[in-house]
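Chains, contacts and geometry: an overview
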Amino acid sequence: MNAIIVAITGFLAQLVDGGLGMGFGATSTTLLITLAALTPAHASAVVHVAELGTTAVSGFSHWRFGNVDLRQALWLGIPGGVGAFIGALLLTSITSPVVTAVILTGLGLNVMRRFARRHQKPTAGTHSRSFLTGLGFFGGLIDATGGGGWGPVTSSTMLTLHKQDPRRIVGTVNTAEFLVTASATAGFIVGLWEGLLATWPLILALLIGGSIAAPLAAWIVSRFNPSFLGVLVGTLLVVLNVPRIFPDVTMWPVQLIIIAFGVFLGWRSWRYERAHRRARQDHVNSTEPESLVATVGS
């Protein structure tokens, strides 16, 4: 039964990741803890081993399509790998689930903030090596201890600064993620080897569920508003993890308020995106006749 639940978890997490370009780790770890009753360390280990193949393929694909700045990927990925290895070792020695719950709640809030913001055009500029090193280390540490979060931490931060084209940022971050995932997996092998051997069916189930969802995720991203979906996913992460921070407190009224606030943010973001799309289309339609006249006149 656990394998079926984990396969469904992989399916749902891949739908999120395919629609947003981030969130597989945080979503799957949260669902594994909630639905399959895994400990935070086991859930994070299962997720990172399953992600080894997906991050390798993703990074290679982005490199082939010219979406990667290899210099920045290394400055992000190498310190990110160090942070992930340390984070994995720390997580295997942490017995309280509160730490992971706090991290995942913070990631959920960050995703909500990221997708509720109005998008801006990137400005010219580059990120310094010290900035990339610090961001990579912190992102890797959060990714391993929280079971996910590399994308929400690094991509969101770099996108918010508007210094580069989003396509290059996503490609570079995804390529660097392979180093982070491999290092986190190495840390879990050192600190949780027997647990990994016992959970290989769950790792396989997560891979199968995610693979089945991949084509559907590609369809979802073309049909659903990503900002609206992103806010709702962030809300889900917060709602599911807040009760684990305060296990002895009745949290359902707070959860209802968070859901209502998340739906409002998603609705507002959806309205803005729709208005922005219409304005863009109206601009294109208004310039077409002028372009046609100029072409005929020439």
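From a predicted model like this one, the values you see are computed outputs, not experimental measurements. (Residues numbered from 1 in each chain as written. Predicted model: local features only at pLDDT ≥ 70, side-chain atom pairs only at ≥ 80, totals over all residues. Heavy atoms only, no water.)

1. Overview of the overall build of the protein
Note the cut-off: Each helix is a run of H or I in the DSSP string that is no shorter than four residues. Each strand is a run of E no shorter than two, and both are numbered from the N terminus. Here the term buried applies to any residue with accessible area under 20% of the maximum for its type, exposed to any over 50%, and partly exposed to those in between, with areas from a 1.4 Å probe on protein chains only. When checking whether two residues touch, look at their non-hydrogen atoms; a contact exists if any pair is within 4.5 Å. In this description, accessible areas are obtained by the Shrake-Rupley approach with a 1.4 Å probe, and a residue is regarded as covered only by the protein chains that are shown.
On a plain count of helices and strands, the protein comes out with 11 helices and 0 strands. Within the protein, the proportion of its 298 residues that are buried is 46%. For the protein, the proportion of contacts with a sequence separation of at least 24, taken over those separated by at least 6, is 83%. For the protein, the accessible surface area stands at approximately 14600 Å², while carbon and sulfur atoms represent 70% of it.

2. Some details on the nonpolar core
Stated formally: Buried Ala, Val, Leu, Ile, Met, Phe, Trp, Tyr and Cys residues form a nonpolar core when they are joined through side-chain atoms within 4.5 Å.
Among the nonpolar cores identified, the biggest contains 44 residues, and Val 6, Leu 32, Leu 76, Leu 107, Met 158, Phe 188 and Leu 206 are the most heavily contacted of them. No other element matches helix H8 (residues 166–198), which puts 8 residues into this core. Residue contacts for Leu 76: discarding those within four places in its chain leaves Leu 132, Leu 135, Gly 136, Trp 150, Met 158, Thr 172, Val 173 and Ala 176. Judged by nonpolar contacts, the second largest core, of 15 residues, contains Leu 20, Met 112, Phe 115 and Val 233.

3. Considerations on the UniProt feature "transmembrane region" (unreviewed entry) in the protein
Let me state the cut-off plainly: UniProt positions are given in the numbering used here, feature names are shortened, and annotations may be inferred rather than shown by experiment.
This chain's UniProt record puts "transmembrane region" (unreviewed entry) on residues 84–111, 199–221, 228–246 and 252–270. Secondary structure content for residues 228–246 is 95% helix and 0% strand, and the end C-alpha separation is 28 Å.

4. Thoughts on a positive patch on the surface
The criterion, for reference: Only residues whose relative accessible area exceeds 30% and that form no salt bridge enter a patch; like-charged residues are grouped when within 9 Å of one another, and nonpolar side chains (Val, Leu, Ile, Met, Phe, Trp, Tyr) when within 5 Å. The salt bridge definition used is simple: a Lys or Arg side-chain nitrogen within 4 Å of an Asp or Glu carboxyl oxygen. Within this scheme the basic residues Lys and Arg register as positive and the acidic residues Asp and Glu register as negative, but His and the chain ends are omitted. The atom standing in for a charge is NZ when the residue is Lys, CZ when it is Arg, CG when it is Asp and CD when it is Glu.
Taken together, Arg 271, Arg 274, Arg 277, Arg 278 and Arg 280 make up a surface patch of like positive charges. Here Arg 271 lies in helix H11 (residues 252–297). With relative accessibility at 43%, the residue Arg 271 sits in the partly exposed group.

5. As for the packing of aromatic side chains
Here the distance between the centres and the angle between the planes together describe a pair of aromatic rings. The line we're drawing: Between 30 and 60 degrees the pair is tilted, below 30 it is stacked and above 60 it is edge-to-face, where a pair is any two Phe, Tyr or Trp rings, Trp via its six-membered ring, whose centres lie within 6.5 Å. Charges are assigned to positions over rings by a cutoff of 6 Å between ring centre and Lys NZ or Arg CZ, combined with an angular limit of 35 degrees from the ring normal.
Per the counting criterion, the structure on display carries 2 aromatic pairs. With 6.3 Å between their ring centres and 40° between their planes, Phe 264 and Trp 267 make a pair best called tilted. Here Phe 264 pairs with Trp 267, and both are found in helix H11, just 3 residues apart, close to one helical turn. On the basis of relative accessibility, which here comes to 40%, the residue Trp 267 falls in the partly exposed class. The ring of Phe 115 is capped by Arg 114, whose NZ or CZ atom sits 4.9 Å from the centre of that ring.

6. Regarding a nonpolar patch on the surface
A surface patch of nonpolar side chains, amounting to about 680 Å² of accessible area, comprises Val 82, Phe 85, Ile 86, Leu 89, Leu 90, Ile 94, Val 99, Phe 137 and Val 190. Inspection of the secondary structure assignment puts Phe 85 in helix H4 (residues 70–93). For Phe 85, a relative accessible area of 32% translates into the label partly exposed.

7. Overview of the side chain of Asn 241
As a reminder, the rule being used: Here a polar contact means two N or O atoms within 3.5 Å. Within protein one must be a hydrogen donor candidate and the other an acceptor candidate, and residues neighboring in sequence count only if both atoms are side-chain atoms.
Along the chain, Asn 241 turns up in helix H10 (residues 226–245). At a separation of 3.2 Å, a polar atom in the side chain of Asn 241 contacts the side chain of Thr 30. Within the structure, Asn 241 has its side chain in polar contact with the backbone oxygen of Leu 237 (distance 2.7 Å).

8. Some remarks on the confidence of the model for the protein
Short version of the rule: pLDDT expresses, on a scale from 0 to 100, how confident the predictor is about each individual residue.
Residues of the protein with pLDDT of at least 70 account for 88%, and the chain-wide mean is 83. When the elements of the protein are averaged for pLDDT, H11 gives the smallest value, 76, and H4 the largest, 94.

9. Observations concerning unusual backbone geometry
The phi torsion at Ala 37 lies on the positive side, around 60°, for a residue other than glycine. Within the element layout of this structure, Ala 37 appears in the loop between helix H2 (24–35) and helix H3 (40–64).

10. Quick word on the environment of Gly 262
Here Gly 262 is to be found in helix H11. Under the relative-accessibility criterion, Gly 262 is labelled buried at 0%. The spacing of Gly 262 and Leu 232 is 30 residues in sequence and 6.1 Å in space, taken between C-alpha atoms.

11. Points about the side chain of Ser 269
Mapped onto the fold, Ser 269 is located in helix H11. Look past the residues within four positions of Ser 269 in its chain and what remains in contact with it is Phe 115, Ser 227 and Phe 228.

12. Re helix H7 (residues 150–161)
Think of an α-helix as 3.6 residues a turn; residues three or four steps apart then line up on the same face. Just so we agree on the cut-off: Between the first and last residue of a helix there are one fewer steps than residues, each counted as 1.5 Å, and that sum is the expected span.
The terminal C-alpha atoms of H7 lie 17 Å apart, and with 12 residues this matches the ideal 16 Å at 1.5 Å per residue to within 8%. Burial runs high along H7: 9 of the 12 residues are buried. Within H7 the residues assigned to the buried category are Trp 150, Gly 151, Pro 152, Val 153, Thr 154, Ser 155, Ser 156, Met 158 and Leu 159. Next to the buried residues of H7 lie H4, helix H5 (98–116), helix H6 (129–146) and H8.

13. Things to note about the environment of Ser 93
Position of Ser 93 among the secondary structure elements: in helix H4. By relative accessible area, Ser 93 is classed as exposed at 55%. Looking at Ser 93, its side chain comes within polar contact range of the main-chain oxygen of Leu 90, at 2.8 Å.

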